[in-house]
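Survey of secondary and tertiary structure
Chain residues, written in single-letter form:
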Amino acid sequence: MTDEPLLRVSALSKFYGSRVGCDNVSFDLWPGEVLAVVGESGSGKTTLLNCLSTRLLPSSGTASYRMRDGQFRELYRMSEAERRFLMRTDWGFVHQNPADGLRMTVSAGANVGERLMAVGDRHYGKIRATAVDWLSRVEIDEDRIDDEPRAFSGGMRQRLQIARNLVTGPRLVFMDEPTGGLDVSVQARLLDLLRGLVTDLGLAAIVVTHDLAVARLLSQRMMVMKDGRVVESGLTDRVLDDPRAPYTQLLVSSILQV
Amino acid sequence: MTDIATYNFAYLDEQTKRMIRRAILKGIAIPDYQVPFASREMPMPYGWGTGGVQVTASIIGPDDVLKVIDQGADDTTNAVSIRAFFKKVANVAVTTDTASATIIQTRHRIPEHPLKTGQVLVYQVPIPEPLRFLEPRETETRKMHALEEYGLMHVKLYEDIAKHGRIATTYAYPVKVEGRYVMDPSPTPKFDNPKMHRSPALQLFGAGREKRIYAVPPFTEVVSLDFEDHPFEVQTFDQPCALCAAENVYLDEVILDDHGGHMFVCSDTDHCEKRRNAPTSPLWGGRAEGAGGGLDQSTPHSTPTPALRADPPHKEEGKEKQ
C-alpha cells in the first residue's frame with residue numbers, strides 16, 4: 001500500500017452562469033476508500049461527480065489522479081483521448097438509470113465485453129468466458145448472457161451495469177445513486193454485492209446518494225453538501241452519530257424510523 | 001446534335017467539380033477519412049447513386065471510357081441510365097468491358113476481372129458511417145473515428161457470433177484501412193472485401209444524401225475486422241455459375257418459375273458473357289435450370305481457365321446419364 005492518495009481535488013467549482021453547481025470543494029481520496037457524497041436534491045452532488053469523472057469541465061479548481069505508473073496527472077489538462085481511455089479502463093461510472101450506462105440493444109454478454117474489445121481484446125472465446133464469469137459474480141444466471149438488458153428487471157440491469165464497469169479491473173468507480181429506484185429488498189442485495197466487490201477488488205469509489213443508509217453501509221468517509229458547498233465531512237459513523245453542522249443534524253433527524 | 005451544349009461538360013458546373021475534386025484529394029490523402037462535401041441536387045433521386053455520379057462527373061474527361069454496373073450487372077435500369085447520362089452530358093465512350101474501362105462506377109459489387117493501375121472504381125454509398133447503427137449520434141461517431149475508438153465495431157461482430165454461431169454479416173462488412181480508420185465498404189458482399197486489399201486501382205466512395213466522400217488509394221491495406229478464434233471468411237458457393245460454370249465468383253440466385261425453380265448465375269454479367277463467348281471456350285450459349293445439379297460432383301478447381309477446357313464435357317455426360 002502506498003500512502004499517497006489516488007485522487008486529489010482542490011478548490012473545485014462549477015458555475016452554470018451565475019448559478020452555483022458546486023463551490024470550492026477539496027478532498028483527497030485514498031486507494032480502496034469509499035467516499036459518500038450526501039445531500040438533498042440540487043445540492044451539487046451530481047455536478048461534483050460529473051466534474052470529477054470529466055464528464056463536465058469545472059469552472060475552476062484542479063483534480064489530479066495517480067495513474068498506474070504512480071505519476072499524478074492533472075485531469076483537466078489531459079487530452080480528450082487520454083480521458084476517454086482512462087474512463088473505459090481505469091475508471092467506472094455507474095449511472096442511476098442503468099439505461100444510461102448500458103447499451104440496451106445489444107446482449108448482456110456484449111455489454112460486459114465491450115470494454116474488453118475497446119482495449120483490444122480480439123478473442124471471442126476469452127471475451128465470452130470473462131463475461132460469463134462477471135455475470136456470475138453479479139448474480140446473473142449464465143443463460144441470460146445473450147438476452148438484451150431490455151428483458152432484465154431494474155435490479156438485474158443495475159447489476160449488469162456494475163459488471164460492465166468492473167470488467168477491466170478499474171481502480172476508481174463513480175456511482176450516482178446506485179440504488180435509486182429499486183425496492184428495499186433488491187437494494188439490500190445490491191448493496192451487499194457492492195460492498196463485497198469493493199472489498200474484494202480494493203476499489204476506491206465515490207458514491208453520490210441522498211440515502212444516508214446507503215452511505216452508512218458502503219462508505220468509510222462522508223461529505224455532506226448543501227447549496228454547492230461542503231458543510232461537513234468526516235468518518236461516516238462520526239458524521240451520522242454525531243452530526244455537527246446544523247444542516248447535517250437536520251438531515252440525520254429526518255430519517256424515517258420504521 | 002447540339003443538345004450537349006445545353007449542359008456543361010459532365011453536367012456539373014466547374015466550381016462544383018473543383019469542390020468535389022478537393023474533397024476527393026483530401027480523401028485520398030487521408031485514406032478512408034469521410035470528407036464532407038456540398039452534395040448537389042442531381043437529376044435522380046437520392047439512393048440511386050447521386051454520390052457516385054457526382055464523383056464520376058468530377059473526375060471524368062473526354063478520353064475516359066466509362067463502365068457502370070449495378071449489383072455486378074451492366075444491363076439493369078440504374079446502370080443503363082447512368083451510362084446513358086454520361087454519354088449524353090460528357091459525350092464519353094462507354095463500355096461494359098471491365099478491362100478497357102478507365103472509370104467504373106459501381107453499385108454494390110467489385111468486378112470479377114482484376115482491376116489494374118490507372119483504373120478508378122467509383123462506389124455509390126448509401127450510408128458511409130460504419131458505426132451508424134451502433135451509435136446513432138454523428139457527433140459521437142466522429143469523435144470515435146478521431147480517437148480511434150473502435151471497440152464498438154467488434155461488439156456487433158460479437159453479437160453475430162453469440163446469436164448465429166459465426167459472423168453473420170454478409171455485406172457492408174467493416175474493414176480497417178491502412179491500420180487507422182474503420183470503413184464501411186458500401187453494401188458490397190463481403191466476398192469482395194479481399195479485392196479491396198492492396199488493389200492497384202483507385203477506389204473512390206461517394207455518398208450523395210449523406211454528403212460524404214472517402215477514398216482508398218491504390219495499394220492500400222484493407223483488412224476485414226474479425227476475432228482471433230473467428231477469422232474473416234468470404235461466402236462460398238457449392239455450385240458454379242449455371243451459365244458459364246465459373247467457380248470462385250459471386251453468384252446471384254435467379255428465380256425461374258413459380259414452382260421453386262431457380263439457378264445461380266454470375267452476378268458480374270460482363271465476366272459471365274466473356275466466358276461464354278470466348279472463342280477458345282467449348283462452352284455453349286446458356287443452359288438453364290437443373291444444370292447445377294450435375295455440376296456438383298465435379299472436382300473443385302481454383303483457376304477458371306482449366307475449368308473452361310476440361311469440365312463441361314464431363315458435366316454434360318453426367319447430365320445425360322441422369
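Rules used in this analysis
- Residues numbered from 1 in each chain as written.
- Chains lettered and ligands numbered in written order.
- Predicted model: local features only at pLDDT ≥ 70, side-chain atom pairs only at ≥ 80, totals over all residues.
- Heavy atoms only, no water.
- Contact = heavy atoms within 4.5 Å.
- Buried area = accessible area lost by both parts, 1.4 Å probe.
- Salt bridge = Lys/Arg side-chain N within 4 Å of Asp/Glu carboxyl O.
- Polar contact = N/O pair within 3.5 Å; in protein donor to acceptor, adjacent residues only side chain to side chain.
- Helix = DSSP H or I, 4+ residues; strand = E, 2+ residues; numbered from the N terminus.
- Nonpolar A, V, L, I, M, F, W, Y, C, P; charged D, E, K, R; others polar.
- Pairing = 2+ DSSP bridges.
- Axes fitted to C-alpha atoms, helices over the stretch in contact; angles between N-to-C directions.
- Buried < 20%, exposed > 50% of the residue type's maximum accessible area, 1.4 Å probe, protein only.
- Parallel < 35°, antiparallel > 145°, perpendicular 65-115°, else oblique.
- Domains from an automatic or database assignment.
- pLDDT = per-residue confidence, 0-100.
- UniProt positions renumbered as here; feature names shortened; annotations may be inferred.

Taken together, the contacts link 20 residues of chain B with 21 residues of chain A. Both faces considered, chain B and chain A share a buried interface measuring about 1900 Å² in area, 58% of it formed by carbon and sulfur atoms. Considering only the side of chain B, the residues that lose the most area to chain A are B:Glu149, B:Val155 and B:Tyr158, jointly responsible for 29% of the buried surface there. Joining chain B to chain A, the criterion identifies five salt bridges. Taking the shortest distance from any N to any O, the salt bridge between A:Arg88 and B:Glu149 comes out at 2.8 Å. One can count twelve residue pairs in polar contact (both at pLDDT 80 or more) joining chain B with chain A. Tallying contributions element by element places helix α5 (residues 151-164) of chain B first for the side of chain B that touches chain A, with eight residues. Within the side of chain B that touches chain A, the residues separate by chemical class into nine nonpolar, three polar and eight charged.

So, on to the sheet that holds strand β6 (residues 175-177) of chain B. Strand pairing in a sheet takes place through backbone hydrogen bonds and is either antiparallel or parallel in direction. All names here are of chain B. Strand order across the open sheet formed by three strands is β7-β6-β10, with antiparallel pairing between neighbours. Strand pairing shows two members of the sheet lacking a second neighbour, β7 (181-183) and β10 (222-224), which therefore form its edges. Across the sheet, the mean angle separating the axes of adjacent strands is 35° when strand polarity is ignored. When β6 meets β7, the two strands line up antiparallel, connected through three bridges. Residue Val177 lies in a different strand from β7, and its bridge partner there is Tyr181.

Residue and element names in this part refer to chain B. Unlike most non-glycine residues, Tyr11 shows phi in positive territory, near 70°. For Tyr11, the location among the structural elements is in the segment before α1 (14-29). Tyr11 gets classed as partly exposed once you look at its relative accessible area, which sits at 26%. The residue Glu148 is not glycine, and still its phi comes out positive at about 60°. Judged by its relative accessible area of 35%, Glu148 is partly exposed.

Okay, the side chain of B:Ser224 next. Residue and element names in this part refer to chain B. On the secondary structure map, Ser224 appears in strand β10. A polar contact of 3.2 Å, which involves the side chain of Ser224, links it to the side chain of Asn193. Non-local contacts of Ser224, meaning those with residues more than four positions away in its chain, are made with Tyr173, Pro174, Val175, Asn193 and Phe232.

The next thing to look at is the packing of helix α6 (residues 154-166) of chain A against helix α7 (residues 184-201) of chain A. Residue and element names in this part refer to chain A. Relative to each other, α6 and α7 sit at 10°, their axes nearing to 10 Å. Judged by the inter-axis angle, α6 sits roughly parallel to α7. Between α6 and α7, the residues in contact are Gly155, Gln158, Arg159, Ile162 and Leu166 and Val186, Arg189, Leu190, Leu193, Leu194, Leu197 and Leu201, respectively. A class-by-class count of the residues in the contact of α6 with α7 yields eight nonpolar, two polar and two charged.

In this section: the domain arrangement of chain B. All names here are of chain B. According to the domain assignment, chain B contains domain 1 (14-128 + 192-219) and domain 2 (236-289). For domain 1 versus domain 2, the distance between C-alpha centres works out to 27 Å. Listed by partner, the interface residues are 13 residues for domain 1 and ten residues for domain 2. When domain 1 packs against domain 2, the two sides together hide about 770 Å² of surface, and 37% of this comes from carbon and sulfur. Linking domain 1 with domain 2 are one salt bridge, by the criterion used here.

Right, let's get into the pairing of strand β4 (residues 60-66) of chain A. Residues and elements named next belong to chain A. Across five bridges, strand β1 (residues 7-16) lies against β4 in antiparallel orientation. From the neighbouring strand, Arg8 faces β4, where its bridge partner is Ser64. In terms of strand pairing, β4 meets strand β5 (residues 72-74) through three bridges, oriented antiparallel. Each bridged residue has a counterpart across the sheet, and for Arg66 the counterpart in β5 is Phe72.

To continue, consider the sheet that holds strand β4 (residues 103-107) of chain B. Residue and element names in this part refer to chain B. Judged by pairing direction, the sheet is mixed, and its seven strands sit side by side in the order β1-β9-β8-β5-β4-β2-β3 without closing on themselves. The two strands at the open ends of the sheet, each matched to only one other strand, are β1 (35-36) and β3 (93-94). Looking at chain direction, strand β2 (residues 65-70) and β4 are connected through five bridges and run parallel. Of the residues in β4, the one forming a bridge with Lys67 is Ile104. Running at roughly 45° to strand β9 (residues 212-216), α1 makes contact with β1, β8 (202-207) and β9 of the sheet.

On to the pairing of strand β10 (residues 229-235) of chain A, then. Residue and element names in this part refer to chain A. Bridging between strand β9 (residues 221-226) and β10 involves six bridges; their strand directions are antiparallel. Within β10, the residue paired with Lys226 across the bridge is Arg229. Between β9 and β10, which pair antiparallel one after the other, the connecting turn spans two residues, and Asp227 there sits at a positive phi close to 50°.

All names here are of chain B. Confidence in the prediction for chain B averages 86 pLDDT; 85% of positions are at 70 or higher. pLDDT under 50 marks residues 284-322. Its contacts with residues more than four places away, or in other chains, come to 43 contacts. Scored by ipTM, the complex comes to 0.84, with pTM at 0.81.

A few words on the UniProt feature "domain: ABC transporter" (unreviewed entry) in chain A. The sites that carry the UniProt feature "domain: ABC transporter" (unreviewed entry) are, in the present numbering, residues 7-252 of chain A. The distance from the first to the last C-alpha atom of residues 7-252 of chain A is 28 Å, and the span holds 40% helix and 26% strand.

This part takes up the pattern of salt bridges. Applying the stated rule across the entire model yields 41 salt bridges over all chains. For the salt bridge of A:Arg229 with A:Asp23, the shortest nitrogen-to-oxygen distance reads 3.0 Å. In this pair, A:Arg229 is assigned in strand β10 and A:Asp23 in strand β2 (residues 19-29), connecting sequence segments 206 residues apart. What makes A:Arg229 partly exposed here is its relative accessible area of 42%. We note a salt bridge from A:Arg244 to A:Asp242, for which the minimum N-O separation is 3.7 Å. On the basis of relative accessibility, which here comes to 56%, the residue A:Arg244 falls in the exposed class. Classification of A:Asp242 by relative accessible area gives partly exposed; the value is 38%. Each member of the salt-bridge network shares a partner with another, and the members are A:Arg103, A:Glu114, A:Arg164, B:Glu135 and B:Arg137.

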